[in-house]
Amino acid sequence: MSKYVINGGRKLNGQIDINGAKNSVLPLLAAALLTDEPVRIGNCPILTDVDNMIRIITSLGASVNRDGSYIEIKSAGLCAYEIPKRQAKELRSSVFLMGSILGRMKKAKVAYPGGCDIGLRPIDIHLKALSELNVKIVEKYGYINCDANMMKASNVFLDYPSVGATENIMLLSAISEGITIISNVAREPEIVELQNFLNSMGAKIEGAGSSCIKIEGVRKLKGTDYYAMPDRIVTGTIMMAVALCGGDVVLNYTNHTHIDAVISKLRKSGCNIIVESDKICIQSFTRLNSLGYVETGPYPGYPTDLQAPLAALASTADGTTILVENIFENRFKHLPELCKMGANIRVKDRIAFISGVKQLTGAEVIAMDLRGGASLVLAGLSASQLTVVHDIQHIERGYENLDKIFVALGADIIKIC
Ligand code: UD1
């Protein structure tokens, strides 16, 4: 297993370009299956999650070519409608292939999905919404068998604004007859991006970004050439690294409006942040103040994917930060690892009470999941002495060359395979 070895304590300075968003590119790849014409997506990050998604759609009969950050998908030859257990286990996002396979093939057989071990992650909201559209669902032997031959467009209410369920229903309804209205949908920027992408393929969708989306199904979608949005979670993670280590960094090709909740917390803690149209400048020169009370919530609330990096930040901020995880029930696995580095953290249920210490000390720690792993890298960058982060395959699911990004900003971090 690969690991990062970090000699911490250096300030971060310079400029960095932000790559495309994993959480956007994955549903766009699923959407590409809705047409038999070629689809080209630019700004795709090089990540294991993206590789796994490509492997799955190839196994369904699509042909995929990657040229740098561009991925071209030709799915005229789509012939299969089953995602086997082995593949689904590797990627939670295989779940929204259900919507696109159903849209295209009218049938889907999908094994229960995998992904980070950050909680139960059921898919009941997806299935309830599909049955409200009269999709027949039979769950058997770990597989969900869906049949959309009798599907009827309708009004669908999501009991919770699930990102994946919103995407799934958008994908299916885009290419199904009739008007579907989904209420209480997720409002994340990735949903707006999926709407824009599908509309560029000829879909008729409106409302993304609000809590209600209207989809007028069309018979056929066409190919498109699309440039994916920047990764707001990578943006936030790097900003927190600068906040934690100190320094002066410009993040290019990003969108500050996607992380308002994060910018406001970082400003409150004492960082100087200047935003321009596609640029964020962050400066951190003194010990940060505690972040007070932070709770994760659906967009535009504070993102759960940036809860773990914030915990690293709070570990050395002056005072106590109260961090509440409202989205996933098992997303505090990085906290005991931060404690190995000297952090002072007490956990009660889904609430972490973090009393900032002056400095963390390097230690051998283990990345248990994607964002938790990133928080350990941040902690290591700011700690005195050497930190070794093991099991970085989790981190590489969602961060492209995280070590190289920090080296470019002046950190001392190497990857050992
Ligand atoms: C997506 C993101 C993930 C992010 C999450 C919340 C992708 C590939 N992943 O995940 O990085 O952390 O949004 O912003 O875009 N739930 C149910 N039943 C369901 C569906 C969800 O109980 O049918 C629960 C989940 O277990 C979780 C919460 O709802 O506790 C949020 O899940 P959801 O919004 O669906 O997240 P994902 O789409 O899995």
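Remember, it's a predicted structure, so these values are computed and weren't measured experimentally.

Rules used throughout
- Residues numbered from 1 in each chain as written.
- Predicted model: local features only at pLDDT ≥ 70, side-chain atom pairs only at ≥ 80, totals over all residues.
- Heavy atoms only, no water.
- Helix = DSSP H or I, 4+ residues; strand = E, 2+ residues; numbered from the N terminus.
- Buried < 20%, exposed > 50% of the residue type's maximum accessible area, 1.4 Å probe, protein only.
- Contact = heavy atoms within 4.5 Å.
- Near = heavy atom within 4 Å.
- Polar contact = N/O pair within 3.5 Å; in protein donor to acceptor, adjacent residues only side chain to side chain.
- Areas by Shrake-Rupley, 256 points an atom, 1.4 Å probe, with all protein chains shown as cover.
- Domains from an automatic or database assignment.
- 1 Å grid on protein atoms, 1.4 Å probe; cavity = no way out; pocket = protein on both sides within 12 Å on 5 of 7 lines; lining within 4 Å.
- Points joined across faces, edges and corners; volume = space filled by probe spheres on them.
- Pairing = 2+ DSSP bridges.
- Axes fitted to C-alpha atoms, helices over the stretch in contact; angles between N-to-C directions.

1. Considerations on the environment of Met1
(1) Moving on: For Met1, the position within the fold is in the segment before strand 1 (3-7).
(2) Moving on: Overall, the relative accessible area of 77% leaves Met1 in the exposed class.
(3) Moving on: The spacing of Met1 and Pro300 is 299 residues in sequence and 36 Å in space, taken between C-alpha atoms.
(4) Moving on: With sequence-adjacent residues up to four places away left out, Met1 is seen in contact with Asp391 and Gln393.

2. What about the site of the ligand?
(1) Moving on: Near the ligand you find 19 residues, and of these Asp124, Ile125, Ser162, Asp305 and Ile327 are the closest.
(2) Moving on: Separating a nitrogen atom of the ligand from a backbone N or O atom of Pro122 is a distance of 3.1 Å.
(3) Moving on: The backbone of Gly164 places a nitrogen or oxygen atom 2.8 Å from an oxygen atom of the ligand.
(4) Moving on: The fraction of the free accessible surface of the ligand (740 Å²) that becomes covered by protein chains is 88%.
(5) Moving on: Secondary structure elements with two or more residues in the shell around the ligand: helix 5 (124-132) and helix 6 (163-174).
(6) Moving on: If you tally residues by element for the shell around the ligand, the top one is helix 5, at 3 residues.
(7) Moving on: Built from parts of two domains, the shell around the ligand gets at least three residues from each of domain 1 (3-18 + 230-416) and domain 2 (22-227).

3. Observations regarding the layout of surface pockets
(1) Moving on: Quantified by volume, the second largest pocket comes out at close to 320 Å³.
(2) Moving on: The wall of the second largest pocket is formed by 19 residues, among which Lys11, Leu244, Cys245, Gly246 and Arg287 lie closest to the centre.
(3) Moving on: When contributions to the lining of the second largest pocket are tallied by element, the ones reaching two or more residues are helix 8 (232-245) and helix 12 (370-382).

4. Some words on the sheet that holds strand 11 (residues 179-183)
(1) Moving on: An order of 10-11-13-12 is seen for the 4 strands of this open sheet, with the pairing classed as mixed. Pairing within the sheet leaves two strands with one partner each, and these edge strands are strand 10 (155-157) and strand 12 (204-206). Strand-to-strand twist in this sheet, taken as the mean axis angle between neighbours without regard to direction, amounts to 15 degrees.
(2) Moving on: Of the strands in this sheet, strand 12 and strand 13 (212-216) touch helix 7 (residues 189-200), which is tilted by about 155 degrees from strand 12.

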